[in-house]
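# A look at the structure
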Amino acid sequence: MRLALLSMIIPLVAAGQELQVLLPDTTLNARSPSEAETALAGYLSAQARHGILGGTLRINKVSLEGAYNELLKYEYLSDIVPLAAPDTLLAYDAAGRSHAQLMPFLERSDPPLNGWLYSHGEPVYQITGKRYFALPGMTTAGYGVLYQLRDRSISSTQLSLAYDQAARGGGRVVGRIDLDLPNIMGTLRRLELHYLHLKSSEQTVELKYAEPKLPELQLGGSVGFKQEVRDSLYLARQWSLELTSLPGGPWQLALGVGGKSLWPGTGGEVLGLQAYRQQSISLAVARRKYDSPLNPAAGGGLEFHLAGGVLTGEDLEPGALLARGDLLLEAVLGLRPGSPKAWVWAQSLETSWLMAYRYQPQWSDYDRFGGSRSLRGYREEQFAAGRGAVLRSEIRRLTGEASRLYLFIDGGLLDGYAPQLGYGAGMLLKIGPNLLKIDLAWTGDDTAGGGKLHVSLLNWM
């Protein structure tokens with residue numbers, strides 16, 4: 001902000017004259033040039049606090065009035081000129097707490113009013129207020145942006161259960177526990193823990209921790225670990241280290257290195273599974289943008305991951321390579337544009353594939369399909385395939401901020417299997433601080449009473 005030509009008018013003020021400054025929307029009276037300058041600076045600062053940055057006042061007309069020319073009048077016009085990015089940022093939440101650690105990410109992404117600050121591909125803070133300000137007494141610097149934030153991250157524990165009635169020796173309950181802490185103590189850090197229990201000898205545990213910004217680098221980072229135990233068939237362990245893009249917008253990029261070790265068990269040796277070690281590099285791209293993180297009526301998402309590298313082992317050819325790709329596409333669209341978004345269509349497509357050189361992918365390398373997060377109507381991880389695609393379609397009736405009813409159809413094309421089809425109905429209910437999700441699904445081979453029941457309980461912390 002600046003006062004154009006003010007220095008040119010001050011020497012014209014004679015002793016005993018009064019000053020009157022006419023602005024586009026107000027009139028200021030002053031007894032001295034310094035008082036007039038202070039008043040003009042205050043006027044521009046008030047404009048800045050209301051979101052008008054870059055105000056410039058220029059003289060349009062100068063006149064003398066009164067019988068003795070005792071009144072000197074200056075008429076100003078106001079122009080708005082572009083300014084550089086703000087040099088000061090402040091951010092407060094609804095409780096009035098300052099969040100200084102968010103400043104680098106807010107400055108970089110500059111989210112609009114009602115927009116989001118994303119971290120690791122997930123929306124965390126919603127911008128509920130955004131206004132510009134100027135520091136008192138500063139006319140050429142000290143301006144900035146004040147953000148009002150609402151923490152919309154959901155730290156949660158989710159328990160998912162399903163009854164596997166086709167298991168050998170009778171039915172059994174299989175389950176999954178997911179711990180998700182997307183914004184630990186308001187720092188944009190993320191911690192995830194996933195545990196799948198098929199039976200006591202078949203379990204998968206996965207842990208991932210992500211840091212939003214590494215010291216001295218304009219990058220974030222993450223570390224991950226995964227272990228699979230499949231009865232007497234094999235034990236597999238994986239680790240990963242990634243450099244990630246900084247939090248800001250809905251896009252998330254990551255480059256990393258990793259490793260995997262596979263040890264066949266007695267049952268795996270009978271099947272001919274080969275032990276190996278792998279050193280790999282990886283690329284990941286993700287984007288998620290929805291109007292609501294819990295129960296969206298519009299939005300979409302993309303996740304792509306590619307990892308591969310050299311295999312080494314006693315029975316492997318030199319230079320053996322194995323790579324894996326995964327792609328997930330999601331979309332949620334309102335069915336009646338221009339009307340309340342009560343009815344929506346949700347669509348997702350998930351694919352995975354293996355690529356190998358001088359190596360024949362084996363059963364332990366395959367992806368798993370079936371269950372509440374894949375092909376509903378089938379048992380958890382019922383299918384193993386080197387290539388596969390699952391298409392999930394839902395017609396939803398939104399009944400609240402965190403509740404809905406829906407009908408669904410899931411279809412799968414898996415390498416080595418006939419086409420798979422599951423269909424059914426489900427609901428998402430808010431019960432106090434919890435979300436209850438229930439799916440009842442059938443396949444074409446099921447009787448009316450032979451469907452699969454999937455139940456998930458999400459607890460907000």
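One can find the structure itself at the top, above this paragraph.
Here is a short report on the structure shown in this document. Quick caveat: nothing in here was measured; it's all calculated off a predicted structure.

### Considerations on the overall build of the protein
Along the protein, the regular secondary structure elements total four helices and 27 strands. Looking at the protein as a whole, 43% of its 461 residues are labelled buried. Partitioning the contacts of the protein with sequence separation of at least 6, the portion at a separation of at least 24 is 52%.

### Looking at unusual backbone geometry
A positive phi angle, near 70°, is found at leucine 188, a position not held by glycine. With respect to the helices, strands and loops of the structure, leucine 188 is situated in the loop between β11 (172-181) and β12 (190-199). Accessibility expressed as a relative area gives 0% for leucine 188, which makes it buried. Here glutamate 216, not a glycine, exhibits a phi torsion of approximately 65°, which is positive. Among the secondary structure elements, glutamate 216 is positioned in the loop between β13 (202-211) and β14 (220-230). Residue class for glutamate 216 comes out exposed when judged on its relative accessible area of 78%.

### As for the pattern of salt bridges
Scanning all chains against the criterion turns up 25 salt bridges. The partner of arginine 152 in a salt bridge is glutamate 401, and the shortest N-O contact between them spans 3.8 Å. Of this pair, arginine 152 sits in the loop between β9 (143-151) and β10 (156-164) while glutamate 401 sits in the loop between β23 (387-400) and β24 (403-414); the two residues are 249 residues apart in sequence, bridging distant segments of the chain. With a closest N to O distance of 2.5 Å, aspartate 178 and arginine 373 form a salt bridge.

### Quick look at a nonpolar patch on the surface
Taken together, the side chains of Leu193, Leu207, Tyr209, Val223, Phe225, Trp239, Leu241, Val257 and Ile281 present a nonpolar region at the surface, about 780 Å² in accessible area. Those elements that place two or more of their residues in the nonpolar patch are β13, β14 and β15 (234-244). Residue position: valine 257 is located in strand β16 (residues 251-264). Valine 257 gets classed as partly exposed once you look at its relative accessible area, which sits at 40%.

### A look at the pairing of β14
Here β13 runs beside β14; their pairing, made up of 10 bridges, is antiparallel. Bridge pairing in β14 places valine 205 opposite glutamine 227. Note: β14 against β15, 11 bridges, orientation antiparallel. Note that in β15 the partner of phenylalanine 225 across the bridge is tryptophan 239.

### Points about the nonpolar core
Counting residues in each nonpolar core, the largest one holds 15 residues, and the members touching the most others are Leu102, Leu106, Leu117, Tyr125, Tyr147, Leu149 and Leu188. Listing elements by their share of this core, those giving two or more residues are β6 (89-93), α3 (103-109), β8 (122-134) and β9. Among the nonpolar cores identified, the runner-up in size contains 13 residues, and Leu28, Ala36, Leu40 and Tyr74 belong to it.

### A short note on the pairing of β24
Note: β23 against β24, 12 bridges, orientation antiparallel. Note on β24: the bridge partner recorded for glutamate 394 is phenylalanine 408. From the end of β23 to the start of β24, which pair antiparallel, there are two residues. Turn length for the β24-strand β25 (residues 420-431) hairpin, with the two strands adjacent in sequence and antiparallel, is five residues, and the turn residue glycine 416 shows positive phi of about 95°.

### Comments concerning the side chain of arginine 230
Counting through the fold element by element, arginine 230 comes out in strand β14. Note on arginine 230: relative accessible area 3%, which makes it buried. Discounting chain neighbours no more than four positions away, the residues touching arginine 230 are Leu196, Leu198, Ser201, Glu202, Gln203, Thr204 and Glu381.

### Some details on the environment of glycine 248
The topology assignment puts glycine 248 in the loop between β15 and β16. Sequence spacing of glycine 248 and proline 104 is 144 residues, and the spatial spacing of their C-alpha atoms is 9.2 Å. Not counting the four nearest positions on each side in its chain, glycine 248 is found in contact with Arg108, Ser109, Trp116, Leu117 and Tyr118.

### Some details on the packing of aromatic side chains
A full pass over the atoms with the stated rule returns six aromatic pairs. Between tyrosine 276 and tyrosine 359 the ring centres are 6.0 Å apart and the planes differ by 80°, which places this aromatic pair in the edge-to-face class. With tyrosine 276 in strand β17 (residues 276-290) and tyrosine 359 in the loop between β20 (343-357) and β21 (367-369), this residue pair connects regions lying 83 residues apart in the sequence. Between tyrosine 378 and phenylalanine 383 the ring centres are 5.3 Å apart and the planes differ by 65°, which places this aromatic pair in the edge-to-face class. Side by side, tyrosine 378 and phenylalanine 383 carry an identical accessibility label, which is buried.

### Let's talk about the environment of arginine 150
Following the sequence through the fold, arginine 150 ends up in strand β9. Expressed as a C-alpha distance, the spacing of arginine 150 and tryptophan 116, which sit 34 residues apart in the sequence, is 9.5 Å.

### Section: the environment of asparagine 60
By the element assignment, asparagine 60 lies in strand β4 (residues 55-65). Given a relative accessible area of 43%, asparagine 60 falls into the partly exposed group. Between the C-alpha atom of asparagine 60 and that of glutamate 75, which follows or precedes it by 15 residues, the distance is 5.6 Å. The contacts of asparagine 60, once residues within four sequence positions are left out, are Glu75, Tyr76 and Leu77.

### Focus: the side chain of lysine 73
The topology assignment puts lysine 73 in strand β5 (residues 71-80). For lysine 73, the side chain forms a polar contact with the side chain of glutamate 65, separated by 3.1 Å. Excluding anything up to four places from it in sequence, lysine 73 contacts Gln20, Leu22, Lys61, Val62, Ser63 and Glu65.

Quick notes on the rules
Residues numbered from 1 in each chain as written. Predicted model: local features only at pLDDT ≥ 70, side-chain atom pairs only at ≥ 80, totals over all residues. Heavy atoms only, no water. Helix = DSSP H or I, 4+ residues; strand = E, 2+ residues; numbered from the N terminus. Buried < 20%, exposed > 50% of the residue type's maximum accessible area, 1.4 Å probe, protein only. Contact = heavy atoms within 4.5 Å. Salt bridge = Lys/Arg side-chain N within 4 Å of Asp/Glu carboxyl O. Patch = residues over 30% accessible without salt bridge, like charges linked within 9 Å, V, L, I, M, F, W, Y side chains within 5 Å. Areas by Shrake-Rupley, 256 points an atom, 1.4 Å probe, with all protein chains shown as cover. Pairing = 2+ DSSP bridges. Core = buried A, V, L, I, M, F, W, Y, C linked by side-chain atoms within 4.5 Å. Phe/Tyr/Trp six-rings, centres within 6.5 Å; stacked < 30°, edge-to-face > 60°. Polar contact = N/O pair within 3.5 Å; in protein donor to acceptor, adjacent residues only side chain to side chain.

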